[in-house]
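If you want the building blocks of each chain, they are given just below.
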Amino acid sequence: MTSATFPTSLRLGLIGSPNSGKTTLFNALTGMRAKVGNYPGVTVERREGRVLLDRRETIVIDLPGTYSLNAISPDEEVVCGVIDGKIGEAPNALAVIADACTLERSLLVLAQVLRHDTPTCLVLTMTDELHARGGVLDLPRLERALGIPVIGVVGHKGIGMGALRHLLADPEHWSRPQIPPPVSAEDRAGWVDSILASVLTSRPGVSRTTEAIDRIILHPVAGTLLFAAVMITFFQLIFAWATPAMDLIDGGIGWAAGRVHATLPAGLLADFIADGLIAGVGSVIIFVPQITLLFTLLYLLEDIGYMARAAFVIDRFMGRVGLEGRAFVSLLSSFACAIPGIMATRTVPSARDRLVTILVAPLITCSARLPVFALLIAAFVPAQAVWGPIGLQGLALLGLYLLGSVSALIVATILTRTLLKRDSLPFYMELPPYRMPTARLLVSQVWGSVSAFLRRAGTIILTVSIALWFLLTFPTVDPPAGADAPAASRHALEHSYAGRAGHALEPLVAPLGFDWKIAVGLIGSLAAREVIVATLAQIYAASDEGTSLREAIRADVDPRTGRKVFTPATVASLLVFFVFALQCVSTLAIIRRETNSWRWPAFAFSYLLALAYGASFATYRIVRYLDAAA
Amino acid sequence: MKIVFVLLFLQSMTAAFAPDITPASSITALDSTPARPGVSLASLAPGHTVRVIGVDGSCPEGERLLDLGFIPGTPVEILKRAPLGDPVVYGLRGYRICLRASETSLIRVRTE
């Protein structure tokens, strides 16, 4: 940007309630140049964009949506902190964004903003909707009554945007109110009523479309069925429909690694590029299809206005565990993968609920655990029918899913009632009118999320993937004479840092019934849980990850004791360990990114490790006792 | 398939966690006792329009309800109850908001 020509740069804060059209306006002003980040120490999203407004360099700050400046939540504390200059440099000017159709409520917030000294203007959005609903508003008179500039726009159609840019670039010439509005809530309401009485010559009627749609969507039966249908689609989308794209990426990564091996001479450099670097990049972009799909649907439902209705349907259930309806979508997405699940918490309005949801999301059984469960269940649970088509293997899998989900709800209940109790907030949620989504807004919202993932979490995931490759590869040793390829690979792994760490960890994991081989598998699974299957295949020198590996682990005997390594107790204990433990660096990276501190990923990792260790220990003891008794 | 399990499971969990869905008390009982200063908004069934008498503003929840527009004299429409019994959608000051019984019990109203 040509900041030299425009020495006085401007900081402009956008204030408004959720659903006021603030985000649409922010996107219209800043385009794709917005930077999405976090405010320090809190799970509150920070969105800023540097633009030229009427040739004046301006930093537009999109403040979190708020209904009041009496801060009771972290989001509101951020709004107040930014306005007062306690968080970063104070803005030179404020624009209050208000939906023209809900002016009565919006003016209550404006009254609070006008008690600050900062130059303020009022931007009325959805003025087309106001007219369509028969409302007539006298803007010049409103301007005189408030004593500040007032401008009407239709953000998504770009109407009035030129005039708005012109106005926003020149806060030095904004008029200021003669007398600040009253302080007490009752007096403020009186102030609002008296102003509206003179400027709103005709009040907007109810939106017919919204009324008609809500008759179905808020209907106890139809609404619940629709909720189920939307959630099933949502789940299917994240779980299944992202798979072709993910397979394609997987195939592409495999192909690229193959090309490297074919082109470069065999050796460490080729191994590093193919198995370290390319595989590491692959482990980042493998998430992109899921994240893109998730956010497309999430923001689509949000922009239409359905999200609040879905939350309304499920709120009581979530309320029982101390959360609110909107957290449901996050937890549901976590069945596919905790990464999109945790990123979806951004639509949860309360910072505390966001944090609790982030902390319990890793407990929900994600799809990466499925290959691990599938291997162990197929190898050790007999495929016998229990009742009709229901088999023992299916029941075992269902039991693991339930164990994870119930634990997530229990931990959420505990967290909201103990550690994070003091942050509990009143619950309120606006039901906005239904609106047509616009492709432009949707694209910029989705792009913002995907690019934030790539920049902030992707770098951590890539670094750790390469570090893990290093641990599993070095130091290199010569294979024993006459060893075939699987045996040489096994030998190399056993003598690597990870292999040595596995041996060193054996005393620690022995109480859970694990030996050093499982310990190495657990280290490998930090890259992604399903990697334990590949690591075990390498250790057991299995020719494939299916039948051959199954036979190998079933037959494995401890040379010291002469007993089977995978006893029923060990298998049960390992399954339980995978239900609880957070051995996934990508999840840790995304928690770091969403909470903007290492404190919460450290907390999540520790409490889940403690939980996993305790539960696995208990499971091992109990099953061993039962096994011996049987 | 799994989602069906999830939903069924949720329904059963809700039943297990929440056996006590407060039944909406009958409005006729209130009409027959007009001398009372008002009733809690939480006690009224959807379909009625009421007017706010006051909010217990001594706690942050109450203060926030005032900020949301539940100011004495404001007419409030009770619109729709959620399938699981709570929250309820209200219409006031040109917008719609849903609140839980834990918050609406702080609001005293009189029926029109």
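Within each chain, residue numbers correspond to sequence positions counted from 1 in written order. Key to labels: chains lettered from A, ligands numbered from 1, both in the order written. Confidence filtering applies because this is a predicted model: local features only for residues at pLDDT of at least 70, side-chain atom pairs given and counted only at 80 or more, and all residues used for totals across whole chains, interfaces and linings. In computing side-chain properties, one takes all heavy atoms of the structure into account and sets aside hydrogens as well as water.

Turning next to the overall build of chain B. The way it works is that DSSP assigns letters per residue, a run of H or I at least four long becomes a helix, a run of E at least two long becomes a strand, and they are numbered from the N terminus. Looking only at helices and strands, chain B has four helices and six strands in total. In chain B, the succession of α and β elements from N to C terminus is α-α-β-β-α-β-β-β-α-β. Here the accessible surface of atoms and residues is derived via Shrake-Rupley with a 1.4 Å probe, and residues count as covered only by protein chains that are part of the display. Within the structure as shown, chain B displays about 5100 Å² of accessible surface, and the carbon and sulfur contribution to it stands at 60%.

This next bit is on a nonpolar patch on the surface. In this scheme, patches are assembled from residues that exceed 30% relative accessible area and form no salt bridge. Like charges are connected within 9 Å, while nonpolar side chains (Val, Leu, Ile, Met, Phe, Trp, Tyr) are connected within 5 Å. Salt bridge, as used here: a side-chain nitrogen of Lys or Arg that lies within 4 Å of a carboxyl oxygen of Asp or Glu. Side chains of V386, W387, I390 and L395 of chain A sit close together on the surface and give an oily, nonpolar patch of about 410 Å² of accessible area. Residue placement: W387 of chain A occurs in strand 10 (residues 385-387).

Below, the discussion takes up the packing of helix 19 (residues 439-473) of chain A against helix 26 (residues 585-595) of chain A. All names here are of chain A. Taken N-terminus to C-terminus, the directions of helix 19 and helix 26 make an angle of 140°; their axes are 9 Å apart at the nearest point. Classified by the angle between their axes, helix 19 and helix 26 sit oblique to one another. The chirality of how helix 19 crosses helix 26 is right-handed. Every residue of helix 26 that contacts helix 19 at A452, F453, R456, A457, I460, I461 and V464 is listed here: V585, S586, A589, I590, R592 and R593. Under the scheme applied, nonpolar residues are Ala, Val, Leu, Ile, Met, Phe, Trp, Tyr, Cys and Pro; charged residues are Asp, Glu, Lys and Arg; polar residues are all the others, including Gly. Of the residues assigned to the contact of helix 19 with helix 26, the class counts are nine nonpolar, one polar and three charged. To get an axis, a line is fitted to the C-alpha atoms, and for a helix only the part in contact is used. The angle between two axes follows their N-to-C directions and goes from 0 to 180 degrees. For this classification, under 35 degrees means roughly parallel, over 145 means roughly antiparallel, 65 to 115 means roughly perpendicular, and everything else is oblique. Put simply, a crossing is left-handed when the front helix is turned counterclockwise from the back one by less than a right angle, and right-handed when it is turned clockwise. The contact criterion used throughout is that any non-hydrogen atoms of two residues lie within 4.5 Å.

Here the focus is the pairing of strand 6 (residues 107-111) of chain B. All names here are of chain B. Only strands joined by at least two bridges in the DSSP assignment are considered to pair. By the bridge criterion, two bridges tie strand 1 (residues 39-40) to strand 6 in an arrangement that is antiparallel. Along strand 6, the bridge assignment pairs S40 with R108. Where strand 2 (residues 49-55) and strand 6 come together, five bridges link them in antiparallel fashion. The residue bridging R51 from the neighbouring strand is R110, located in strand 6.

All right, on to the nonpolar core then. Counting residues in hydrophobic clusters, the biggest one holds 129 residues, and the most contacted among them are F453, L549 and F566 of chain A. With sequence-adjacent residues up to four places away left out, L549 of chain A is seen in contact with L375, V533, L536, A537, Y540, A542 and D544 of chain A. Buried Ala, Val, Leu, Ile, Met, Phe, Trp, Tyr and Cys residues that are joined via side-chain atoms within 4.5 Å together make up what is termed a nonpolar core. Residue burial is assigned from relative accessible area. The probe radius is 1.4 Å, only protein chains are included, and a residue is buried under 20% of its type maximum, exposed over 50%, and partly exposed in between. Core analysis: the next-biggest nonpolar cluster, separate from the first, contains 67 residues, I59, L122 and V199 of chain A together with C59 of chain B among them.

Bringing the interface of chain B and chain A into the picture now. In this assembly, 42 residues from chain B lie in contact with 53 residues from chain A. Contact with chain A buries surface across chain B, with R64, R93 and R96 of chain B losing the most and accounting together for 17% of the total. Counting across the chain B and chain A interface gives eight salt bridges. Where R96 of chain B meets D214 of chain A, a salt bridge forms, and the shortest distance between an N and an O atom there is 3.4 Å. Under this definition, polar contacts are N or O atom pairs within 3.5 Å; protein pairs additionally need one hydrogen-donor-capable and one acceptor-capable atom, and for neighbouring residues in sequence, both atoms have to be side-chain atoms. Where chain B packs against chain A, one counts 14 residue pairs in polar contact (both at pLDDT 80 or more). Counting residues per element, the ones that place at least two in the side of chain B that touches chain A are helix 1 (2-17), helix 3 (60-67), strand 3 (75-81), strand 4 (88-92) and strand 5 (95-99) of chain B. Top contributing element to the side of chain B that touches chain A by residue count: helix 1 of chain B, with 11 residues. A breakdown of the residues in the side of chain B that touches chain A according to their chemical character gives 25 nonpolar, four polar and 13 charged. Where strand 12 (residues 428-430) of chain A meets strand 5 of chain B, three bridges bridge the pair, whose relative direction is antiparallel. The residue bridging E430 of chain A from the neighbouring strand is I97 of chain B, located in strand 5 of chain B. Buried area is understood as the total, over both parts, of accessible area removed when two parts are fitted together, assessed with a 1.4 Å probe.

What is shown is where atoms sit, not what they do.
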